[in-house]
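If you want the building blocks of each chain, they are given just below.
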Amino acid sequence: MPSSADERIARLEDLFASLPGLGPRSAARLVTELLGTRKSTAQAICRTLADALECVHHCPQCHTLTTQPVCDLCADRTRDASVVCVVETPADQKAVESTVAYRGGYFVLMGRVNPLEGVTPQELGVDKLVERIERENVREVVLATSYTAEGETTAHVLAGVLKKRFPELRVTRLARGLPSGVEIEYTDVATLSRAITDRR
Ligand SMILES: [Zn+2]
């Protein structure tokens, strides 16, 4: 453990700066605020984070975050287990659910494939998806990643992995007609509904 205040501060700054979207400057400002003017917020973050780390884990089926042994959606026996819709985030999953056009299961990547930042399909739990396709006789995987550069890369890489492993599997993509560059979660319900129905 570091001993002086400077060493402690430097260690904290390094930790924050290692998070996506935070550079060294914003990390330094954050640490100054947390230790200086926002001590009670810092304490609340510590307690809440410790509690969340203890209780929240990946659903063994769909990879989303849950406090249950299996998340509510995976526990719902009325869903069609032969279709799995792959989304980037829980917010995207919520968007697809809100269309009511889809009644299958989900796989939530909790991120995107990014070769430059070393985010591989394995890191996003794809082995879990492969096991599930085998175990549950999944017939179709719908790749509902965004039509952004990273979303497209993710769909392309996943399609490659799945087609190689399961030549018979139907791998579909949400129909074009979704605006390019827009995240799934910000697409309006009618457009998303049509994109699901017209998937190919
Ligand atoms: Zn689940």
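Residues numbered from 1 in each chain as written. Predicted model: local features only at pLDDT ≥ 70, side-chain atom pairs only at ≥ 80, totals over all residues.

Asker: Tell me about helix α3 (residues 39–55), and please be specific about residues and values.
Answerer: An ideal rise of 1.5 Å per residue puts 24 Å on 17 residues; α3 measures up with 25 Å between its terminal C-alpha atoms. In terms of burial, α3 is largely open, as just 0 of its 17 residues are buried. (Helix = DSSP H or I, 4+ residues; strand = E, 2+ residues; numbered from the N terminus. Expected span 1.5 Å × (residues − 1). Buried ≥ 20, exposed ≤ 12 C-beta atoms within 10 Å, placed from the backbone.)

Asker: So, the nonpolar core: which residues are in play, and what are the values?
Answerer: Membership of the largest hydrophobic core comes to 32 residues, with the highest contact counts inside it found for C85, V86, V87, V96 and A144. Going through the elements one at a time, β3 (80–87), α5 (90–98), β4 (104–108), α6 (126–135), β5 (140–143), α7 (149–165) and α8 (189–197) are the ones with two or more residues in this core. It is β3 that provides the largest number of residues to this core, a total of 4 residues. Setting aside chain neighbours within four positions, we find C85 in contact with V96, Y102, G104, Y106, V142 and A144. (Core = buried A, V, L, I, M, F, W, Y, C linked by C-beta atoms within 7 Å. Contact = placed C-beta atoms within 7 Å.)

Asker: A description of α6 should follow, citing residues and the corresponding values.
Answerer: Buried within α6 are the following residues: V126, L129 and R132. For α6, the angular spread of buried residues about the axis comes to 115 degrees, placing them on one side. Opposite the buried face of α6, by more than 90 degrees, sit the exposed residues D127, E131, E134 and R135. At its buried positions, α6 is contacted by β3, β4 and α7. (Arc of directions from axis to C-beta.)

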